[in-house]
Amino acid sequence: MNVITQIFRWLSDQLLKMKWLSDLVGLLVEKVFGLEVTQRVGGSIHFFIYDTIKIFILLSVLIFIISYIQSFYPPEKTKKILGRFKGIKGNLLGALLGTVTPFCSCSSIPIFIGFTSAGLPLGVTFSFLISSPLVDIASFLLLMSFFGLKIALAYVIVGLVLAVIGGTIIDKLKMQKHVEGYVWGVKKVDVEYEELTSKERVDFAKGQVREIINKVWLYILLGVGIGAAIHNWIPQSVIERIIGENNPLAVLLATVVGIPIYADIFGTIPIAEALFNKGVGIGTIISFMMGVTALSLPSMIMLSKVIKPKLLAIFISIVTIGIIIIGYAFNAFSYIFI
Amino acid sequence: MVIKVLGSGCANCKKLEAHAKEAVAQLGVDATIEKVTDFKDIAAYGVMRTPALVVDEQVKIVGKVASVEEIKNLLK
């Protein structure tokens, strides 16, 4: 047993946490730059180089694997599967399929119209729309790499619960009349999707890696830069005062700051990591990450084209309140995770 | 022949449009290329991923930038 645990720990340390890379960058900073890793400047440089390389490696590998899996679940197929389920089962499935269906904010409108015109309940569509940007296999593996298995699992589970509950509430509120009228006028059309060959899937996955890196590299550098600054330059006391465990408003603040920001989990993780190292509560950090990924200004503007202000406001409120509750709950039970 | 490029004007839609133009030029076929940018019209084709390519009202390509060669094969 012991041997297995040790092997598992070694794999986790070296493959997911990339301890080898940390050591290598440490050597670079100390021997080549002649700086101490324990000192401010050296520490920042170490954080910046190590985190940048680590995130780009993880990003490439994870996006590749995930895109390959996602190529089995185009939204057309998801739509068909979801059409067969009613009630909470539909919400649950919507949330689950949201994790494997490729999604970007630019496709949220066609997906929304496609789902709605296919007769899917509004709540199921919203369960899908909440979980899709919030939870996927990439966020799970990334969180595992930076924060460990327990936190990653907990994040995925509460993310799915939020999607199911959020969708169910919207369903119960009978919001159909708050969808823009033209959406109902769109006729249901089923596009025949062809099954791809393995080679096409690999090509698709490679293309996704390229496209996503092109899209997010700047955010990642920005995120790592902010992370490095928090890590070594902003005094612990300042961070503690603003979003530390003694500030009862910390979660609220983290959520509100996170919501308008448009970035994916790869850009937020270095900031989250740095805050974590400064002793910020795990719930506060998760609220921040969820706020950034689940809701953003561009996606709200997109959605406002298909739903009326009241439904948009309800959607934003439900997700925001959900994220805040999650944050406080994680902080209250943080002893389980750390 | 009428070729329609479906997409809200993202970079990939422009790429697909360029590829379609190139394919038409290489084949020397008589075709007009139109752009469909309105979400309502895009959704009316049942398309949920952009960019998409519609040839004579038939959805041929969804959610990817097809290469010039691929489009040529579709048009033949």
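Each remark here, short or long, concerns the structure printed above.
Novice: Provide a residue-level description of the pairing of strand 3 (residues 52–55) of chain B, including the pertinent values.
Specialist: Residue and element names in this part refer to chain B. Relative to strand 3, strand 1 (residues 2–6) runs antiparallel, the two sharing four bridges. Paired with isoleucine 3 across the bridge in strand 3 is valine 55. With antiparallel pairing between neighbouring strands as the criterion, strand 3 and strand 4 (residues 58–62) make up a hairpin whose turn holds two residues, including aspartate 56 at a positive phi of roughly 45°.

Novice: How would you sum up the environment of Ile213(A)? Please name residues and give values.
Specialist: Residue and element names in this part refer to chain A. With respect to the helices and strands, the residue isoleucine 213 is situated in helix 11 (residues 198–232). In this structure the C-alpha to C-alpha distance between isoleucine 213 and serine 60, which are 153 residues apart in sequence, comes to 7.7 Å. Setting aside residues up to four positions removed in sequence, isoleucine 213 forms contacts with Leu59 and Ser60.

Novice: Tell me about the interface of chain B and chain A, and name the residues and values.
Specialist: In this complex, chain B contributes 16 residues to the contact, which on the side of chain A involves 18 residues. Contributing elements (two or more residues each) for the side of chain B that touches chain A: helix 2 (39–44) and strand 4 of chain B. If you tally residues by element for the side of chain B that touches chain A, the top one is helix 2 of chain B, at five residues. Considering only residue class, the side of chain B that touches chain A consists of ten nonpolar, four polar and two charged.

Novice: Lay out helix 9 (residues 149–172) of chain A in plain terms, naming residues and giving numbers.
Specialist: Over its 24 residues, helix 9 of chain A extends 35 Å from the first C-alpha to the last, a length consistent with the 34 Å expected when each residue adds 1.5 Å. In the segment just after helix 9 of chain A, Lys174(A) is the residue with positive phi, at about 55°.

Novice: Please give an account of the environment of Val209(A) that cites residues and values.
Specialist: Residue and element names in this part refer to chain A. Along the polypeptide, valine 209 turns up in helix 11. For valine 209, a count of 19 C-beta atoms within 10 Å gives the class partly exposed. The spacing of valine 209 and leucine 59 is 150 residues in sequence and 7.8 Å in space, taken between C-alpha atoms. The residues touching valine 209, leaving out its near neighbours within four places in the chain, are Ser60, Ile63 and Phe64.

Definitions and cut-offs
Residues numbered from 1 in each chain as written. Chains lettered and ligands numbered in written order. Predicted model: local features only at pLDDT ≥ 70, side-chain atom pairs only at ≥ 80, totals over all residues. Pairing = 2+ DSSP bridges. Helix = DSSP H or I, 4+ residues; strand = E, 2+ residues; numbered from the N terminus. Contact = placed C-beta atoms within 7 Å. Nonpolar A, V, L, I, M, F, W, Y, C, P; charged D, E, K, R; others polar. Expected span 1.5 Å × (residues − 1). Buried ≥ 20, exposed ≤ 12 C-beta atoms within 10 Å, placed from the backbone.

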